[in-house]
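Structure assessment
Each chain is listed here by its residues.
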Amino acid sequence: MKTGEESAPRAAASGWQAIYARWMQAGVWVGLAAILASFAVYVTGLLPANIPPAELPSVWSLPTAEYIARTGAPSGWEWIHRLYQGDVLNFAGVALLCSVTIACSVRIVVPLLRARERALALIVVLQVVVMLVAASGWLR
């Protein structure tokens, strides 16, 4: 039988793990909804597109450099300035979906500190820093 001391860390861990899971679930649903909505905007032509849907089959098998050269597609963070284009709007949903892990990680730092999981909180903070630096493109 476990004592109260042994079960306390387990109860605390389940608290921050539950928070992470709830945020992950909500974030994934929001990200998927954004991707589906932006795809619908693209294929219905509600916004002008740099690459019309009918032309996609002729370019989607090209190597990246050739695809960008032929289509003028944005690279890096250039897409942010072109969200008015239906084909580029999809990037916003993908970026949102990719950022869910960062949001979940940031959200659990305080609960980890309250649970006296300082080493794990530090690892989570460092993980967030690495993800932000990687996403920023500073290391190109």
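Residues numbered from 1 in each chain as written. Predicted model: local features only at pLDDT ≥ 70, side-chain atom pairs only at ≥ 80, totals over all residues. Heavy atoms only, no water.

Quick word on the overall build of the chain
Tallying secondary structure elements over the chain gives five helices and zero strands in all. Helices (α) and strands (β) of the chain occur, in sequence order from the N terminus, as α-α-α-α-α. In terms of C-alpha radius of gyration, the chain reaches 21 Å, well past the compact-globule figure of 14 Å for 140 residues. Reported as C-alpha extents along the three principal axes, the dimensions of the chain are approximately 65 × 35 × 25 Å. The buried share of the chain, reckoned over its 140 residues, is 24%. Here the contacts in the chain between residues at least 6 apart in sequence split such that 59% fall between residues at least 24 apart. Summed over all atoms, the accessible surface of the chain reaches about 9400 Å², with 69% contributed by carbon and sulfur. Taking the average location of the 10 positive side-chain charges in the chain and that of its 7 negative ones, the two points are 11 Å from each other. (Helix = DSSP H or I, 4+ residues; strand = E, 2+ residues; numbered from the N terminus. Rg over C-alpha atoms; globule rule 2.2 N^0.38 Å. Buried < 20%, exposed > 50% of the residue type's maximum accessible area, 1.4 Å probe, protein only. Contact = heavy atoms within 4.5 Å. Areas by Shrake-Rupley, 256 points an atom, 1.4 Å probe, with all protein chains shown as cover. Lys, Arg positive; Asp, Glu negative; His and termini not counted. Charge placed at Lys NZ, Arg CZ, Asp CG, Glu CD.)

Quick look at helix α4 (residues 86-114)
Side chains that are three or four residues apart share a direction in an α-helix, a result of its 3.6 residues per turn. Its 29 residues give α4 an end-to-end C-alpha distance of 45 Å, which sits within 8% of 42 Å, the value for a rise of 1.5 Å per residue. At S99, α4 is bent by approximately 35 degrees, the largest bend along its length. Within two residues after α4, R116 carries a phi angle of roughly 60 degrees, on the positive side. (Expected span 1.5 Å × (residues − 1). Bend = angle between axes of the 7 residues up to and from the residue.)

Thoughts on the side chain of Q85
Take Q85: it is sitting in the loop between α3 (64-71) and α4. Of the residues examined, Q85 reaches a relative accessible area of 10% and is grouped as buried. Only 2.8 Å separates the side chain of Q85 from the side chain of R82, close enough to count as a polar contact. (Polar contact = N/O pair within 3.5 Å; in protein donor to acceptor, adjacent residues only side chain to side chain.)

Details of the nonpolar core
Within the largest apolar cluster, seven residues are counted, these being W16, I19, I108, V109, L112, A121 and V124. When residues in this core are grouped by element, the largest group, three residues, is from α4. Ignoring sequence-local partners within four residues, the contact set of I108 consists of W16, I19, Y20 and V124. (Core = buried A, V, L, I, M, F, W, Y, C linked by side-chain atoms within 4.5 Å.)

Digging into the state of the cysteines
One pass over the full model with this rule turns up zero disulfides. Left without a disulfide partner, C104 is nearest to the cysteine sulfur of C98, which lies 13 Å away. Assessed through its relative accessible area of 0%, C104 is described here as buried. (Disulfide = S-S within 2.5 Å.)

A word on the confidence of the model for the chain
Looking at the chain as a whole, its pLDDT mean stands at 89, while 90% of the residues score no less than 70. By mean pLDDT, helix α1 (residues 4-44) is the weakest element of the chain at 84, and helix α5 (residues 118-136) is the strongest at 95. (pLDDT = per-residue confidence, 0-100.)

Regarding the packing of aromatic side chains
Here the distance between the centres and the angle between the planes together describe a pair of aromatic rings. One pass over the full model with this rule turns up two aromatic pairs. In this structure an aromatic cluster arises from ring pairing among W77, W79 and F91. (Phe/Tyr/Trp six-rings, centres within 6.5 Å; stacked < 30°, edge-to-face > 60°.)

A few points about unusual backbone geometry
Of note in the backbone geometry, R116 takes a positive phi value of approximately 60 degrees without being a glycine. You can see R116 is positioned in the loop between α4 and α5.

Here's the deal with the environment of W138
With respect to the helices and strands, the residue W138 is situated in the segment after α5. Since its relative accessible area comes to 69%, W138 is described here as exposed. Residues W138 and Y67 lie 71 residues apart in sequence; the distance between their C-alpha atoms is 23 Å.

A word on the pattern of salt bridges
Charged atoms that come close allow side chains of opposite charge to pair. Taken as a whole and judged by the stated rule, the model has one salt bridge. R70 is the partner of E66 in a salt bridge, and the nearest nitrogen-oxygen pair spans 3.4 Å. On the criterion of helical spacing, the pair formed by E66 and R70 is a turn pair, its members being four residues apart in helix α3. (Salt bridge = Lys/Arg side-chain N within 4 Å of Asp/Glu carboxyl O.)

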